[in-house]
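Chain residues, written in single-letter form:
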Amino acid sequence: MTENIRDKVVVITGGSSGLGAETARHLAGEGAKVVLGARRVERLEAVAEEIGLGEDAIVKTDVTDREQVKALVDRAAELHGRVDVMLNNAGLMPLSPLEMERFDEWDQAIDVNIKGVLWGIAAALPHFKEQKGGQFINVSSVAGHKIGQGGAIYSATKYAVRVISEALRQEVKPYNIRTTVISPGAVDTELPDSVKAEGVAGPISDFYAENAIPADSFARCVVFAMSQPDDVDVNEILFRPTKQQL
Ligand code: NDP
């Protein structure tokens, strides 16, 4: 068993697939108390059943709705008496060149990837302040460090996650709160399905087929950051598949 994971109360947004679901599996296996949010309840139920979570540990949550994110975090506090980790993971990647004017996708990416993270911070912060402790783990991306083709909006959202997280890190010093950003490269999840633009979806799918590594790569980073002693704040983890160039 890894140090400092057992009995920690961990809220995960985007727990219905990919990185969120895989992290839930790892953390539950290490004895953490996991509470999952996402929109697809049947997918949350499947994950919950697999890892032995009760029905009350899943909450239908659209992270673009501030009240729903608050309800998710408050559920964790009601169930377990505290909240130790807020994993702001929900996101999508609708890559496309700006000239395609896929305005609905711009809105959605900003609402989910930026505002969803902000609502997660807003929901967990009061609990962390009261407890004088807690950890935010916000998911950025290699795209939060580099801009690839069609990546204007997606990269902007992932740079924003890093900016918000660094400001948060500085602001929450008085409350003994840790702030971690994890920036993955290509990991094998459903994320490429969120690329819909003609001429972009195909190459991205090929890129993932060629490069992506399993989702446990990410889950192990979460475990590493969480498992440090309380006085160690791992602020940034950037990782890629060994063969990924950009
Ligand atoms: P998936 O598509 O497999 O999972 C995305 C998750 O986000 C799903 O659980 C989905 O749940 C959830 N989600 C999407 N929109 C909303 C919403 N409005 N409200 C609540 N939940 C939502 O992709 P990943 O697991 O890969 O993505 C997780 C995070 O990792 C994202 O932030 C992504 O940008 C980031 N990332 C992923 C990389 C990769 O290569 N896989 C690389 C770099 C970063 P549901 O649809 O049920 O609501």
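Up top you'll find the structure we're talking about.
This text gives an overview of the structure that appears in the document.

**Regarding the overall build of the protein chain**
Then step 1. Summing up its helical and strand segments, the protein chain has seven helices and seven strands in all.
Then step 2. When the helices and strands of the protein chain are read in sequence order from the N terminus, they spell out β-α-β-α-β-α-β-α-β-α-β-α-α-β.
Then step 3. A compact globule built from 246 residues would reach a C-alpha radius of gyration of about 18 Å, and the protein chain, at 17 Å, matches this within 12%.
Then step 4. Along the longest, intermediate and shortest principal axes, the C-alpha atoms of the protein chain span 50 × 40 × 35 Å.
Then step 5. Side chains of the protein chain give 26 positive and 36 negative charges; the mean places of these two sets differ by 4 Å.

**A short note on the site of the ligand**
Then step 1. Around the ligand, a shell composed of 29 residues is seen, among which S16, L19, R39, Y154 and T189 lie nearest.
Then step 2. Measuring from an oxygen atom of the ligand, one finds a backbone N or O atom of L19 at 2.8 Å.
Then step 3. Starting from 880 Å² of accessible surface for the ligand in isolation, the protein chains cover 96%.
Then step 4. Secondary-structure elements contributing two or more residues to the shell around the ligand are α1 (18-29) and α5 (152-171).

**Description of the pattern of salt bridges**
Then step 1. Applying the stated criterion to the full structure yields twelve salt bridges.
Then step 2. For the salt bridge of D233 with K173, the shortest nitrogen-to-oxygen distance reads 3.7 Å. One end of the pair, D233, is in the loop between α7 (216-227) and β7 (236-239); the other, K173, is in the loop between α5 and β6 (177-184), and 60 residues separate them in sequence.
Then step 3. Owing to a relative accessible area of 46%, K173 belongs among the partly exposed residues under this scheme.
Then step 4. Connected via shared salt-bridge partners are E22, R25 and E50.

**With respect to α5**
Then step 1. Helix length check: α5, at 20 residues, gives a terminal C-alpha distance of 28 Å against a target of 28 Å (1.5 Å per residue), a fit within 8%.
Then step 2. Buried within α5 are the following residues: I153, Y154, S155, T157, K158, A160, V161, S165 and L168.
Then step 3. Along its buried surface, α5 packs onto α4 (103-131), β5 (134-139) and β6.

**Things to note about helix α6 (residues 201-211)**
Then step 1. What α6 keeps buried is the set I204, Y208 and N211. Down the axis of α6, the smallest arc covering the buried residues is 85 degrees, so these residues share one side. Of the exposed residues in α6, the ones pointing more than 90 degrees away from its buried face are D206, A209 and E210.

**Topic: the pairing of β7**
A regular strand places its side chains on the two faces of the sheet in alternate fashion.
Then step 1. The two faces of β7 differ: I237 and F239 on one face are buried, but E236 and L238 on the other face are not.
Then step 2. As paired elements, β6 and β7 share four bridges and run parallel to each other. Within the sheet, the bridge partner assigned to I182 lies in β7 and is I237.

**Some remarks on the environment of E22**
Then step 1. By the secondary structure assignment, E22 is in helix α1.
Then step 2. On the basis of relative accessible area, E22 is assigned to the buried category, the value being 17%.
Then step 3. The spacing of E22 and F218 is 196 residues in sequence and 8.3 Å in space, taken between C-alpha atoms.
Then step 4. Not counting residues up to four positions away in its chain, the partners in contact with E22 are A215, D216 and A219.

**Focus on the side chain of T157**
Then step 1. Along the chain, T157 turns up in helix α5.
Then step 2. By relative accessible area, which is 1% here, T157 ends up buried.
Then step 3. A polar side-chain atom of T157 sits 2.6 Å from the main-chain carbonyl oxygen of Y154.
Then step 4. Setting aside its immediate chain neighbours within four residues, T157 contacts A109, I110, N113 and I114.

What counts and how
Residues numbered from 1 in each chain as written. Predicted model: local features only at pLDDT ≥ 70, side-chain atom pairs only at ≥ 80, totals over all residues. Heavy atoms only, no water. Helix = DSSP H or I, 4+ residues; strand = E, 2+ residues; numbered from the N terminus. Rg over C-alpha atoms; globule rule 2.2 N^0.38 Å. Lys, Arg positive; Asp, Glu negative; His and termini not counted. Charge placed at Lys NZ, Arg CZ, Asp CG, Glu CD. Near = heavy atom within 4 Å. Polar contact = N/O pair within 3.5 Å; in protein donor to acceptor, adjacent residues only side chain to side chain. Areas by Shrake-Rupley, 256 points an atom, 1.4 Å probe, with all protein chains shown as cover. Salt bridge = Lys/Arg side-chain N within 4 Å of Asp/Glu carboxyl O. Buried < 20%, exposed > 50% of the residue type's maximum accessible area, 1.4 Å probe, protein only. Expected span 1.5 Å × (residues − 1). Contact = heavy atoms within 4.5 Å. Arc of directions from axis to C-beta. Pairing = 2+ DSSP bridges.

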